[in-house]
Each structure stands twice: as structure tokens, then as C-alpha cells.
Amino acid sequence: MRIAVCIKQVPDTKSVKMDPTTGTVVRKGVQSIVNPLDLYALETALQMKETYGAETVAVSMGPPQAIEAVKEAIAMGIDGGALISDRAFAGSDTWATAYILAAAIKQLGHFDLIICGERATDGDTGQIGPEIAAELDMPTVTYVNKLIAAEAKAVKVSRLVEDGAEEVAMELPGVLTVVKEVGEPRLPTLRGKLKAKSTEITSMALKDLELNTSYIGLKGSPTRVVKIFQPKVVRECRKVYAENEGMVEEAVEQLVGFLKSREVLAS
Amino acid sequence: MKNDIWIVAEQHQGKVAGISFELLTRGLALAAKSGQKLCAMLFGHNIEESGLQELIDRGADMVAVIDAPELKNFLVEPYSQCMLEILRKYEPQIVLAGATSSGRTVLPYVAMTAHTGLTADCTELDIEPESGLLLQTRPAIGGNIMATIKCPDFRPQMATIRPRSTPQAPRLAGRAGTIERLPLPEKAKFSRVRFDRFIPEEEEFNLQDAERIVVVGRGIKKAENLPLIRELADALGAAVGATREVIDRGWLSYPHQIGLSGKTVTPKFYFAVGVSGAIQHLAGMQTSETIVAVNSDPEAQIFQVADFGIVGNLFEVLPPLIEKIKRGEKAW
Ligand SMILES: Cc1cc2nc3c(=O)[nH]c(=O)nc-3n(C[C@H](O)[C@H](O)[C@H](O)COP(=O)(O)OP(=O)(O)OC[C@H]3O[C@@H](n4cnc5c(N)ncnc54)[C@H](O)[C@@H]3O)c2cc1C
Ligand SMILES: Cc1cc2nc3c(=O)[nH]c(=O)nc-3n(C[C@H](O)[C@H](O)[C@H](O)COP(=O)(O)OP(=O)(O)OC[C@H]3O[C@@H](n4cnc5c(N)ncnc54)[C@H](O)[C@@H]3O)c2cc1C
């Protein structure tokens, strides 16, 4: 079995903080990491490799430094990697990104399974997985929380839905998107890190892929981001301080009064 | 019925689901601005007739239904083939679906095949007056920013809408509308995914239906202190929710999580205890009607979205508060 895992390099949103006085995002010192939700996709592929035997390949589209994401995947135990990078790809929306990724995956040979994360923590759409499936004319199962069984031609999985879970079987080749219930991602090992250093990562640019150039990058993207703004905060908080015992009683009194005024408590 | 606004209604076991009526609210607001008709598509099996009429009562001018055994459970290929058939036949200008487990799966599948844009998880929609284009606004980068997105050159303009980000459209009995039944498209008879079984959530716990929620954060310090929160929740007749910090530590189970990677809630009353108000948490609760917070840090971000806040130690504030609420109860 051959498995491709799609991973994206994203800014570390954990280090994103709000400036309390200006209400804007502080971007200073924000680092790039592997999309945290893609670690679960990598973990799923590694579990399959251990249980059923598989060749695993990490695929990432991004700027040249996204090679670090691919190396991290190899350090976790993934066998090989490909970086898809070209200035012409910049500004691609999910349609264009999926179009490019699908072409790259095709170029890398036959895969039985393609695994994506639930969503990337920056763009946050969760659309790439199903879009790659549609472009490659493959079936897809999203929000997979458990791998039940796999054979040469099918996988059986459980997926999370609003009020429970569904068990489904998918013919291969196909695309899965996984959620964090699939299992805690393993950490890169020292041996893996050494291997990452010596493994040659396939690099692919526009010229290496069969693409219609009017379907890629900012120009080829159906969606346009026309405005970006800070979420506005409209509430005015009535703050009372309760830093010693006498103040606690007074504060509780005021809160109860407030709750009555909002009809949370009967007055 | 070409060039209209369409919503993708959902059904569960034949019963039209609430998200459909939220989408009608969105659709009605757009239709009022653009003068287009509002239509609904619905796919499933043994769909209740009363549900179709309810879609009309709540705002649809037309409902297109495909009812077939192949559509009993959500499967991406049959559902996308049905949707593609609607796209071909009616050429919608706008298609709105719920950002649900099925909507977030089938919409991208269809958008890719139909070669058009799709905006994810929108919380606001509008029509640009000059161009008549759909303005789709959504949170991104973990809720740190809002982005407004357009799809100028491709049709339909498609968006998924965050569930519970708007109320359901009210019912106006006797509203006029038509129902069109379409046969199952040939290609929709085929699926490479097989549905085996549904396993309902063990815990009968639906945070999203709660009118009042007490939310606990890491300020509670350890699981052993949770009874204090339960006591407060009981006194208020509220459900208990939590931040991811609490879930990650295993103090409460995942269905309790509120925020970007948990549930989005819009209760009438939201009470945050020992919650810092990280942007990812705010993303799931900001639209609550009344927000109250107790936090020992006067600079805690939760106060920025609260209507009332107590700056203090929750272990000192909660016991007298619970006692007072309980005493009040006796007096009613
Ligand atoms: C503020 C903002 C809002 C946006 N909103 C939209 C929108 O509503 N619609 C739209 O079409 N585009 C949108 N975009 C563009 C979109 O973010 C990019 O196209 C992005 O490259 C992919 O989308 P994503 O980050 O949402 O990935 P997701 O679809 O969330 O990613 C899902 C999975 O796909 C895989 N994956 C995603 N990207 C890559 C990659 N580059 N390389 C390898 N694997 C990958 C990973 O496994 C990932 O877990 C937006 C961009 C910004 C900045
Ligand atoms: C991609 C992504 C998705 C995420 N999704 C979610 C999500 O869905 N939901 C979510 O909640 N988080 C989410 N997070 C995590 C989020 O960033 C925060 O880490 C989390 O919300 C913080 O939880 P908290 O407020 O319980 O903990 P903390 O931030 O540690 O805050 C604890 C608060 O308790 C107060 N406190 C301490 N002791 C006391 C006391 N004795 N009395 C009163 N107050 C006290 C402190 O002042 C502090 O403000 C996500 C993060 C990322 C990166």
C-alpha cells in the first residue's frame, strides 16, 4: 500500500496573542510549524504502515521553507517527501490549491490512500481534502476518528458526525481526513531526524506538473479575499472587584442584581 | 427558477433538520436585498411531507426534492451528484449550506467538480450593492481575523454557514410555494463508500440546546474541584461547558468543549469561571446573549466580551454566590 499525507506549514497560532489595549493581533515572533492537525494525519499513516505495511510520502505545497515541515514528517517516521513550490502558486485559494496538489500527487505515482488533516489552523476551511478527492475522482470520508480495518482494496473507518459516529467502508484509492481522536501523534526521534537530513526530498515546480496555468495562483482562484479586519468587540463590561472578603459579599450582591435585571434570576 | 438563491436543506431520518431553517433566515435576508427567489434542495429517503411544507412556511418559494433509498444516509458521491444535477438544471446564483459534517464534505466536492469558489464557515453574509455579488465573511487564523470573500467570476457563489450563528426563520402558515420532485440522477446510484451503521453518542448531552451554560476553565485547578461548578450550574439550571485546557486534561469529555475546535453555542446566559478568554474560545461563544465572568486576573480577555465581571478568586466568590442563588430559589 502507498499512502500520501498532505501537510501544510502554518504560523504557530498558539503564539498569536491579542494586544489588550489596541485589540489587534501581535504577530511578532510567530514561528512556522507543521499544521498541528496534520500531525494526526501523519500518525494515521504511520499506524497503517505498522499494522499493514505501507510506503508513506509527505506532500506539502508552500514556500521553500516548507521543506522543514516535510523533514519533520520524515523525522516522525514517514518514508519520503515532496515539496511543491513555485511563485506562480502563491495566493491560491482552496480550489487552486487542491488542483495543484492533485496534479502533484498524480505525478508522484499511484497512491492507494491520501490522508489530510481536518483543517489547517490558518486558512481554516477544511476544504482541501474533499476537493483533492473530487479532482482525482476518488471517494472520500471526512472527520475520521478511528481506523477499524484495512485491506488491499478498502478501508473501514469510523467518522464523527453531529450526534454520534458512523461506520463506513471506503473503496481504495480514496481520501481520508482525520480528527485528533485517531491517536496521539508520536514525536520525531533522533534516528528519524538523522534520516530526514539524508533523505532527498522531491521538489516540484510549475514546469514539473501538468497544469492549466489559468487555474493556479491568485489569478486562477475563484474566491477573492477582499477585506481583512479584526473581529469587533461590542460589549462593555461592568467590572467589580472582589479581592478581599468584604468585597466578595458586595460583588456577589451586585452580580445577583445584574442577573435579576437580565432575568437570569427571578426578581 | 434560474439565477436564484438556494439553500441546501438537511434531513435526519426523513425529518427536516433545524439547520435548514437557519439557512432560510440567511437566504431570506439576501433575497430581500437582491429580489431573487429563495429555493431549497433536499435529498434523502422517506422524507416527511410536513417537512417540505415547513420549508415553504419558513421562507422557501420552491423546494426541489430527490427522495431515493440510495440517499437514506449521507454519502458524498450520491449527494454531490444530486447537487450537481440541481446546479445544471436551475443554475443558481448562490448556494448556501450548513457547515456541518455533511455540508463541509459535499460542498467542497461539488465546488471542485463544478469549478467554482467556496467560502467556509461564514458567520455573516451580505449583497454588495454595486455589483450584486455575495459578500461572505468568515473567521480565519483561529478566529484572530475576519475575512470578507467574494467569488466574482464563477457560479454559483457557494458558502457553508456556521450552525447556530443565526436564529431559525419563523413559520408563517399558509405561505405559498411549490414542491418539485426530481428523479435520482443515474450517476447518483453509485457510491464507493458504503454506510454500515450509526452509533449514537452515548452521553445524551447537547450543549448547543442549552439556554444557560456555566463554563469552566483551567482556573478550577483540578478535577476534584469540579463539584463546585456543578453546584453552580444546578443552582442556575445550566449545563456545564469547558475550555480546551479542561478537556485536554481529561477533566471533562470532548462534547463539553466550546470554541473553535469544539462547539459553537449561543445560549441566553453564559457564565465563564476561571476562563481566560483565548480567541479560539471566544470564537465559539461570543454571540451568547448575556455573558458573565469570574476571573482573578483583571486583564483577562474574557472581560472584553463580558457584560458583567467579577475580578476575584473563584473559590471565594462561588460559594456565597451559590448560596445566594439557592436562597433566592426558596423565596420564589
Ligand atoms: C483569511 C483567509 C481566508 C480564506 N478563506 C478561504 C475560503 O473561504 N475559501 C477558499 O477557497 N480559500 C480560502 N482561503 C485560501 C486558503 O486558505 C488557501 O487556499 C490555503 O492554501 C488552503 O486552505 P486551508 O488553509 O483552508 O486548508 P484546509 O482545507 O483547512 O486544509 C485541510 C487539509 O488539507 C491539507 N492541506 C491544506 N493545504 C495544504 C498545502 N498547502 N500543502 C499540503 N497539504 C495541504 C492538509 O492536510 C490540511 O490539514 C483563505 C485564506 C485566508 C488568508
Ligand atoms: C487551533 C486551536 C484551536 C483551539 N480551540 C479551542 C477551543 O475550541 N476551545 C477552547 O476553549 N480553546 C481552544 N484553544 C485553546 C486556547 O488557545 C486556550 O489555550 C484555551 O481556551 C485556554 O483555556 P482556559 O481559559 O481554561 O485556560 P487559561 O488560558 O490557562 O486560563 C485560565 C484562567 O483562569 C484564571 N484563574 C486562575 N485561577 C483562578 C482563580 N482561583 N479564580 C478565578 N480565576 C482564576 C486565570 O486568570 C486565567 O485567566 C485552541 C487553540 C488552538 C491553537
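Residues numbered from 1 in each chain as written. Chains lettered and ligands numbered in written order. Predicted model: local features only at pLDDT ≥ 70, side-chain atom pairs only at ≥ 80, totals over all residues. Heavy atoms only, no water.

*Asks:* Explain the site of ligand 1 to me, using residue names and the numbers behind them.
*Replies:* Around ligand 1 sit 33 residues, and of these A:Cys6, A:Lys8, A:Asp38, A:Thr94 and A:Thr125 come closest. Interatomic distance of 2.5 Å between a side-chain N/O atom of A:Lys8 and an oxygen atom of ligand 1. Notes on ligand 1: free accessible area 930 Å², of which the protein chains cover 91%. Elements supplying a minimum of two residues to the shell around ligand 1: β6 (55-61), α3 (94-107) and β8 (113-117) of chain A together with β7 (118-122), β9 (134-140) and β10 (145-150) of chain B. Among the residues forming the shell around ligand 1, the class breakdown is 14 nonpolar, 12 polar and 7 charged. (Near = heavy atom within 4 Å. Polar contact = N/O pair within 3.5 Å; in protein donor to acceptor, adjacent residues only side chain to side chain. Areas by Shrake-Rupley, 256 points an atom, 1.4 Å probe, with all protein chains shown as cover. Helix = DSSP H or I, 4+ residues; strand = E, 2+ residues; numbered from the N terminus. Nonpolar A, V, L, I, M, F, W, Y, C, P; charged D, E, K, R; others polar.)

*Asks:* Tell me about the packing of helix α3 (residues 76-90) of chain B against helix α4 (residues 103-114) of chain B, and name the residues and values.
*Replies:* Residue and element names in this part refer to chain B. Where α3 meets α4, the closest approach of the two axes is 9 Å, and the angle between their N-to-C directions is 55°. In this view, α3 runs oblique relative to α4, as classed from their interaxial angle. The way α3 lies across α4 gives a crossing that is right-handed. Contacts between α3 and α4 involve Val-76, Glu-77, Tyr-79, Ser-80, Met-83, Leu-84 and Leu-87 on the former and, on the latter, Thr-105, Val-106, Leu-107, Tyr-109, Val-110, Thr-113 and Ala-114. Residues belonging to the contact of α3 with α4 are distributed by class as follows: 10 nonpolar, 3 polar and 1 charged. (Axes fitted to C-alpha atoms, helices over the stretch in contact; angles between N-to-C directions. Parallel < 35°, antiparallel > 145°, perpendicular 65-115°, else oblique. Left-handed = near helix turned anticlockwise from the far one by under 90°. Contact = heavy atoms within 4.5 Å.)

*Asks:* Now, about the site of ligand 2: what can you tell me, with residues and values included?
*Replies:* Near ligand 2 lie 29 residues; those nearest to it are B:Arg218, B:Thr243, B:Ser261, B:Ser276 and B:Gln280. Taken together, the residues near ligand 2 originate from chains A and B. Contact between ligand 2 and B:Thr243: an oxygen atom at 2.5 Å from a side-chain N or O atom of the residue. Taking B:Ser261, its side chain carries an N or O atom lying 2.7 Å from a nitrogen atom of ligand 2. In the complex, 85% of the free accessible area of ligand 2, which totals 990 Å², lies under the protein chains. Counting residues per element, the ones that place at least two in the shell around ligand 2 are α6 (244-248), α7 (279-282) and α9 (314-331) of chain B.

*Asks:* Describe the state of the cysteines, with residues and values.
*Replies:* Going through the model one piece at a time under the given rule, you end up with 0 disulfides over all chains. As a non-bridged cysteine, B:Cys82 has B:Cys39 as the owner of its nearest cysteine sulfur, 17 Å distant. (Disulfide = S-S within 2.5 Å.)

*Asks:* For the domain arrangement of chain B, give the residues involved together with the corresponding values.
*Replies:* Residue and element names in this part refer to chain B. By the assigned domains, chain B splits into domain 1 (5-189) and domain 2 (207-331). The C-alpha centroid of domain 2 is placed 34 Å from the C-alpha centroid of domain 1. If you look at the interface, domain 1 gives 6 residues, while domain 2 gives 8 residues. The junction of domain 1 with domain 2 conceals about 680 Å² of combined surface from both sides, 46% of it contributed by carbon and sulfur atoms. Counting the surface domain 1 buries against domain 2, the share from its top three residues, Gly-142, Arg-162 and Arg-164, is 74%. In terms of residue class, the side of domain 1 that touches domain 2 is made up of 1 nonpolar, 3 polar and 2 charged. (Domains from an automatic or database assignment. Buried area = accessible area lost by both parts, 1.4 Å probe.)

*Asks:* Go over unusual backbone geometry with me, naming the residues and quoting the values.
*Replies:* Across the junction of A:Leu172 and A:Pro173, the peptide omega takes the value 0°, indicating a cis bond. The phi torsion at A:Asp124 lies on the positive side, around 65°, for a residue other than glycine. When you line up the elements, A:Asp124 lands in the loop between β8 and α4 (128-135). One non-glycine residue, B:Glu91, lies in positive phi territory at about 40°. Within the fold, B:Glu91 resides in the loop between α3 and β6 (94-98). With a relative accessible area of 40%, B:Glu91 lands in the partly exposed category. (Buried < 20%, exposed > 50% of the residue type's maximum accessible area, 1.4 Å probe, protein only.)

*Asks:* Which residues make up the interface of chain A and chain B, and what values do they have?
*Replies:* Contacts between the two partners involve 81 residues from chain A, matched on the other side by 83 residues from chain B. At the boundary of chain A with chain B, total buried surface from both sides reaches about 7,400 Å², with 58% on carbon and sulfur atoms. It is A:Glu167, A:Arg235 and A:Leu255 that lose the most area in chain A upon contact with chain B, and together they represent 10% of the buried surface on that side. Linking chain A to chain B there are 7 salt bridges. Among the salt bridges present, the one from B:Asp196 reaches A:Lys156, with a minimum N-O distance of 2.8 Å. Taken together, the links from chain A to chain B amount to 33 residue pairs in polar contact (both at pLDDT 80 or more). Going through the elements one at a time, α3, α4, β9 (140-150), β10 (154-161), β11 (164-171), β14 (224-229), β15 (238-242) and α7 (245-261) of chain A are the ones with two or more residues in the side of chain A that touches chain B. Ranked by residue count, the leading element in the side of chain A that touches chain B is α7(A), at 9 residues. By residue class, the composition of the side of chain A that touches chain B is 42 nonpolar, 12 polar and 27 charged. Pairing analysis gives 5 bridges linking β14(A) to β10(B), with the strands arranged antiparallel. (Salt bridge = Lys/Arg side-chain N within 4 Å of Asp/Glu carboxyl O. Pairing = 2+ DSSP bridges.)

*Asks:* Give me the sheet that holds strand β12 (residues 174-178) of chain A: which residues, what numbers.
*Replies:* One open sheet holds the 10 strands; their spatial order is β13(A)-β7(A)-β6(A)-β1(A)-β8(A)-β12(A)-β9(A)-β10(A)-β11(A)-β13(B), and the pairing between them is mixed. Of all the strands in the sheet, just β13 (202-204) of chain A together with β13 (193-200) of chain B have a single pairing partner and so form its edges. Averaged over all neighbouring strand pairs, the angle between strand axes comes to 30°, with direction disregarded. Note that β6(A) and strand β7 (residues 80-84) of chain A share 5 bridges and pair parallel. Note that in β7(A) the partner of A:Ser60 across the bridge is A:Leu83. Here helix α2 (residues 67-76) of chain A sits on the sheet in contact with β6 and β7 of chain A, set at roughly 165° to β7(A).

*Asks:* Give me the sheet that holds strand β14 (residues 212-216) of chain B: which residues, what numbers.
*Replies:* Adjacent strands of a sheet pair through backbone hydrogen bonds, lying either parallel or antiparallel. One open sheet accounts for 6 strands, arranged β15(A)-β18(B)-β17(B)-β16(B)-β14(B)-β15(B); its pairing is parallel. One side of each edge strand has no neighbouring strand; the edge strands of this open sheet are β15 of chain A together with β15 (239-242) of chain B. Direction aside, neighbouring strands of the sheet carry axes that sit 20° apart on average. As judged from the 5 bridges shared by β14(B) and strand β16 (residues 269-273) of chain B, these two strands associate in the parallel manner. By the bridge assignment, B:Val214 is partnered in β16(B) with B:Phe271. Taken strand by strand, α7(A) contacts β15 of chain A together with β16, β17 (290-295) and β18 (308-312) of chain B, and its axis lies near 150° from that of β15(A). Along the sheet face, helix α5 (residues 226-236) of chain B touches β14, β15 and β16 of chain B and points at about 165° away from the line of β14(B).

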